[in-house]
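Structural description and commentary
One letter stands for each residue in the lines below.
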Amino acid sequence: MNISRRNFIRGGAVGAAALGLSGGLFVTDKWFRPVSAAGDSEERVAYTYHPPGCGGRCAYKCTVRGGKLVKIEPNDWPDKRYSLICTRGLSEVQRVYSPERLQTPLKRVGERGEGKFVPISWDEAITTVADKFKDLQSKYGGKSILKIVSTNVEYNMPFISSLLGMQIATEASIDVGMANGFEESTGTSPFGYAQQEITDWVNSKTVILISCNILETTVADSQFFFDAKDAGAKIIVIDPNYSTTATKADQWIPIKPGTDPALLLAMINHILENGWYQPDFLQKNTSAPFLIRSDNQKLLRQNDSTDGPDKNPFMVWDELSNSAQPYNAAGVQPKLEGEFTINGINVKTVMSALKEQAKQYTPAWAAKITEIPEQTIIDLTQQYAKGGPAYLGWGFGGAEKISNSDIFGHAASILGGLTGNFGRVGGGVGNALFHKSAWNLLVTLGGWPLPPQFKPASLEMPPTLMRNHPNSVKAVFNLGNCFQQHMANLNLTENWLKQLDFVVTVDAFNNASVAYSDIVLPIGSCFESKYDITRFQLNRNHALLAEKVIEPLYESKTDFEIEQLLAAKLGLDQYLPKTPEDYIRAQLNVKHPYLTGITIETLKTNNFIMRLNCPTVPCIGHQDQKYKTPSGKLEIYHEKMVDFKQALPAYEEPVEVNSENPLRQKYPLQYAQYRSRFHVHSQFINALWVKQYYPEPRVEINPLDAKSRGLENGDLVEVFNDRGKMKVRCKFMSSLRPGSVRMEEGWWPKYMPEGSFQNLSNDTFQPRHMKQKYGAFIPYYDTLVEVKKA
C-alpha cells in the first residue's frame with residue numbers, strides 16, 4: 001500500500017479514533033518493504049536518542065521513507081562499546097504507530113476513572129487548562145497545582161511550573177529507600193548511585209550485586225558485567241530468586257526477602273571482630289573518630305551553638321595533645337577508639353560505639369534471619385574484606401522496596417568505609433544500574449534564567465501522602481503514567497483523584513493514568529517534532545543531540561510546544577525560549593573543558609554525537625576523599641536518626657512481610673513486582689512486536705505453592721489482600737523462591753482480566769523516613785497476599 005502522510009493522519013480521524021485513539025487502521029506490516037530498496041528519493045537518515053527511563057539511552061540512526069519511520073539501528077558512538085540497541089529500541093518502529101496512540105486532545109464526559117472522553121480542539125484544551133490553572137493560582141496560590149513527572153519524561157516543562165509556582169514531584173517516594181540511608185553518609189545524589197563508573201568493574205576482584213538483575217534491567221551494560229568476569233572478578237549475586245543475572249554469576253546466594261540489612265550488619269560484625277578494617281582510612285576520611293555524647297547521643301561540638309561545622313566543628317580526641325580538638329584543626333591526630341570525659345560529659349568515639357552495637361549481629365544470628373548458611377556469610381565477608389578491591393552494588397528492586405531499606409543503605413556505606421572501597425580503583429558502593437556515574441556528571445549545563453519572581457513552590461509532602469493528609473493541592477498536572485506507577489494502594493489513589501478539582505495528563509499513549517483526567521493532551525514520541533533540533537543530553541561521557549525524525553503524527557504536539565502554548569495563553573511566553581534549539585544553546589553556553597569544541601553545529605556534523613573531552617579511564621568518585629557532607633567526611637553516624645535509635649544501623653524487621661506478622665496467617669505469600677528486559681516500567685506494554693515474546697501479564701508462583709492451592713499452570717487466579725485484588729493468569733516458576741509471588745510491573749489495567757497490580761501494594765510509611773533526605777518511600781514489595789483459583 002502506498003499511503004501518504006496526509007492520508008495516514010486523515011485515516012485516523014474516523015472509526016475508533018473518534019475518541020482520539022488510533023483505530024489500528026494502519027499497521028506497519030502493510031506498508032513496509034525492504035529498507036535497502038535502492039534509488040528511493042524519499043529515503044533519508046535522521047538521528048535521535050531514547051529518552052530516560054530504561055537507563056540505556058541508546059542513540060538511534062533512523063531511516064525514514066515517505067515520511068514514515070521504517071528502520072532503527074544504533075548510531076555510531078565514538079566509543080564503539082555503546083553502538084548497540086535492544087529489542088525495545090528496535091520495537092519503536094512499530095510502537096510509534098501503536099493503536100494506543102492518543103490522536104487528539106480529549107475532554108472527560110464520564111466520571112473520573114471511567115475513561116469516557118470526547119475529542120476537542122487544541123485551542124479549547126489549552127484554554128481550559130490555562131484558565132483553570134490561572135483561577136486556582138489566583139485563589140489558592142501556585143502551590144495548589146502539583147506537577148508530577150514520570151521517569152520517561154526528558155523535557156518536563158520546567159518553565160510552566162516556575163511561572164505558576166507549582167509544586168513539583170519527580171519520582172517522589174520511589175527508588176529512594178536505600179539512598180535515604182546511603183546518601184546521609186556520602187552526601188552524593190541522586191538515588192544512591194555508586195560514584196564508580198561501571199567500566200571500572202574490570203579492576204575489581206569482587207563484585208557483589210544485591211537485588212540487582214542488571215542483565216535484565218540495564219541490557220546495554222551487560223557487556224561490562226562479562227568484561228569484569230573475563231578479567232577475573234568474582235561476581236556474587238544475592239537475590240531471593242534465581243535471576244537472569246544470578247545464572248551468569250560465579251555464585252548465587254539466595255536470601256529471605258526483606259532481611260538484606262541483617263546480612264550487611266553481620267558482615268560489619270565479622271569485619272570488626274577479625275580486624276579486617278582499614279584504620280588509617282577510617283581515621284582520615286570518615287566520622288569514625290568523632291565523639292558521641294552519652295547524655296544525648298549527639299556528636300560533641302566545640303560549643304553549644306547551632307552553627308555548621310565550619311564555625312562549630314565536630315570534636316575528636318587528639319592523640320598528640322591527649323585532649324579534645326576540632327576535627328579540622330591543623331596537625332590533629334584523631335584517636336579512632338576510646339572513651340573520655342570532657343567538661344563532665346562522658347563521650348566515646350563513633351568507632352567504639354559501632355563496635356559495641358555490631359556485637360549482637362553475628363553471622364550465626366544473621367543465618368537464622370536471612371536463611372543463608374553461617375559459613376556462607378563468613379566466606380562472603382572474607383571475600384569482600386580481604387579479596388582485593390571490591391564493588392558492592394544494588395538495584396532498584398528487591399531490598400530497595402522494603403520498609404527497612406534505609407538501614408541497608410546506611411550499613412552499606414559503613415561496609416565501604418571499613419574496607420576503604422570508596423574512591424578506590426576497582427572498588428565502589430552504591431546503586432549499580434543505568435551507567436549513571438561517568439565524567440559527564442562533573443559538567444553543569446547552563447540554564448535559561450527567569451525573573452526572580454518566578455519559581456516553583458516547595459513540595460509539601462510526597463504525592464502519595466497527599467492522598468490522606470491535609471495539603472494545598474487541588475489540581476494535578478500529570479506528565480506520563482504517574483497515577484499507576486508512582487503510588488501504591490491504587491484504590492486510595494483513585495479516591496484522592498476523584499476529590500481533586502482538576503486533573504490534566506500529558507502523554508503519547510492511552511495509558512492507565514489517562515482515565516482519571518479531565519483534559520488529556522497528546523504528545524508525540526521522541527521521533528516526532530515540528531522543530532528541526534529537539535533534545536540534548538550528556539550521557540556515558542558523550543554529548544548527544546536529537547533532531548526531528550518524522551513530523552508529529554495525528555494532532556500530537558511536542559511537550560516543548562505544549563508548554564509554549566500554555567505560557568502564551570497565560571500571557572507569559574515572553575520569558576521562554578522560542579525553540580528547543582534556543583534552550584540547548586543556553587545549556588551549552590558554559591565554559592567547561594569537557595565541552596570544548598562541542599556545539600550544535602559540530603554535533604550535527606558528527607552524526608549528532610561526540611565524546612566529551614574527558615579522561616578515557618573510568619570515572620571514580622571520592623578519589624580525593626571529599627564528601628558532600630557537613631563535615632566533608634564519610635559520615636557513618638547519622639545524628640538526625642538518634643530519636644529513632646538508628647544513628648548507627650540497627651536491624652528492624654520489615655513492616656509487613658516479617659515472619660512474626662499475624663497477618664501471615666491470612667496472607668502467607670510475599671508479593672513483589674519486577675522489571676524485565678521486555679518493558680520499561682509501564683512503557684512498551686503496548687509494543688506489539690515485544691508482545692510476541694511477552695503477550696500478557698502473569699503472576700509467577702513457585703510450583704510448590706501452586707500445587708498446595710490446587711492450581712495448574714496458566715489458571716486464572718485471584719490475588720488478594722485487605723487493600724484490594726486482581727485477577728490474572730498464573731505462571732509456574734521454579735526459579736522463584738517458595739513463599740513468594742511476583743508479577744512484572746507496569747501492565748495497564750486494560751490488559752488485566754480484572755484489577756491492577758497496584759491494588760495490592762503496601763503504602764505504609766515509617767515515621768523516621770520523613771526526617772531523611774528523600775522523605776517517605778513506598779515499600780512496594782513489603783506486601784503480603786494470598787492466591788486462589790478464580
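All of these numbers come straight from a predicted model, not from anything done at the bench.

Take unusual backbone geometry next. If you check the backbone angles, D175 has positive phi at about 60° while not being a glycine. Along the chain, the position of D175 falls in the loop between β7 (167-170) and α5 (177-186). Of note in the backbone geometry, S211 takes a positive phi value of approximately 50° without being a glycine. Assignment of secondary structure puts S211 in the loop between β8 (206-210) and α6 (214-217).

Take the pairing of strand β14 (residues 339-342) next. With burial as the criterion, only one face of β14 is covered, namely that bearing F340 and I342; the residues E339 and T341 on the opposite face remain uncovered. Examined bridge by bridge, β14 and strand β15 (residues 345-349) share four bridges and lie antiparallel to one another. Across the sheet, the residue bridging to E339 is K348, located in β15. The loop that links β14 with its antiparallel partner β15 comprises two residues; one of these, N343, has a positive phi angle of about 50°.

Once that is clear, we can look at the packing of aromatic side chains. Overall, the coordinates contain 36 aromatic pairs when judged by the stated rule. With a centroid separation of 6.0 Å and an interplanar angle of 80°, the aromatic rings of F133 and F502 are classed as edge-to-face. Here F133, found in helix α3 (residues 122-140), pairs with F502, found in strand β19 (residues 502-507); they are 369 residues apart in sequence, far enough to count as distant. By relative accessible area, which is 6% here, F502 ends up buried. Through successive ring pairs, a cluster of aromatic residues spans Y155, F159, Y531, F560 and Y583. For the cation-ring pair, K474 lies above Y140, with the distance from its terminal atom to the ring centre recorded as 4.7 Å. Positioned above the aromatic ring of Y49, the side-chain terminus of R535 is 4.3 Å from the ring centre.

Another point: the sheet that holds strand β10 (residues 251-253). The sheet built from five strands is open, its strands ordered β10-β9-β8-β16-β17 with parallel pairing. Unpaired on one side and paired on the other, β10 and β17 (429-431) mark the two borders of the sheet. Geometrically, the sheet is characterised by an average inter-axis angle of 20° between neighbouring strands, direction not taken into account. Alignment of β8 against strand β9 (residues 234-238), held across five bridges, turns out to be parallel. Across the sheet, residue I208 finds its bridge partner in β9, namely I236. The sheet contacts of helix α13 (residues 374-386) involve β8, β9, β10, β16 (390-394) and β17, and relative to β9 the element is tilted by about 135°.

So, on to α3. Here α3 contains 19 residues, and its C-alpha end-to-end distance of 27 Å stays within 8% of the 27 Å for a straight helix at 1.5 Å per residue. Within α3 the residues assigned to the buried category are W122, A125, I126, V129, A130, F133 and L136. Axial view of α3: buried residues confined to an arc of 135°, hence all on one face. Of the residues in α3, the exposed ones pointing more than 90 degrees away from the buried face are D123, S138 and K139. Against the buried residues of α3 lie β6 (145-149), α4 (158-164), β18 (475-479), β19, β20 (519-522) and α18 (559-569). A positive phi of about 90° marks G141, the residue just after α3.

The seven strands lie next to each other as β5-β4-β20-β19-β18-β6-β7, forming an open sheet whose pairing is mixed. Each edge of the open sheet carries a strand with a single partner, namely β5 (117-119) and β7. Across the sheet, the axes of successive neighbouring strands diverge by a mean angle of 20°, strand direction being ignored. Here strand β4 (residues 106-108) pairs with β20 via two bridges, running antiparallel. What sits directly across from K107, in β20, is I519.

So, how was this worked out
- Residues numbered from 1 in each chain as written.
- Predicted model: local features only at pLDDT ≥ 70, side-chain atom pairs only at ≥ 80, totals over all residues.
- Heavy atoms only, no water.
- Helix = DSSP H or I, 4+ residues; strand = E, 2+ residues; numbered from the N terminus.
- Buried < 20%, exposed > 50% of the residue type's maximum accessible area, 1.4 Å probe, protein only.
- Pairing = 2+ DSSP bridges.
- Phe/Tyr/Trp six-rings, centres within 6.5 Å; stacked < 30°, edge-to-face > 60°.
- Lys NZ or Arg CZ within 6 Å of the ring centre and 35° of its normal.
- Axes fitted to C-alpha atoms, helices over the stretch in contact; angles between N-to-C directions.
- Contact = heavy atoms within 4.5 Å.
- Expected span 1.5 Å × (residues − 1).
- Arc of directions from axis to C-beta.

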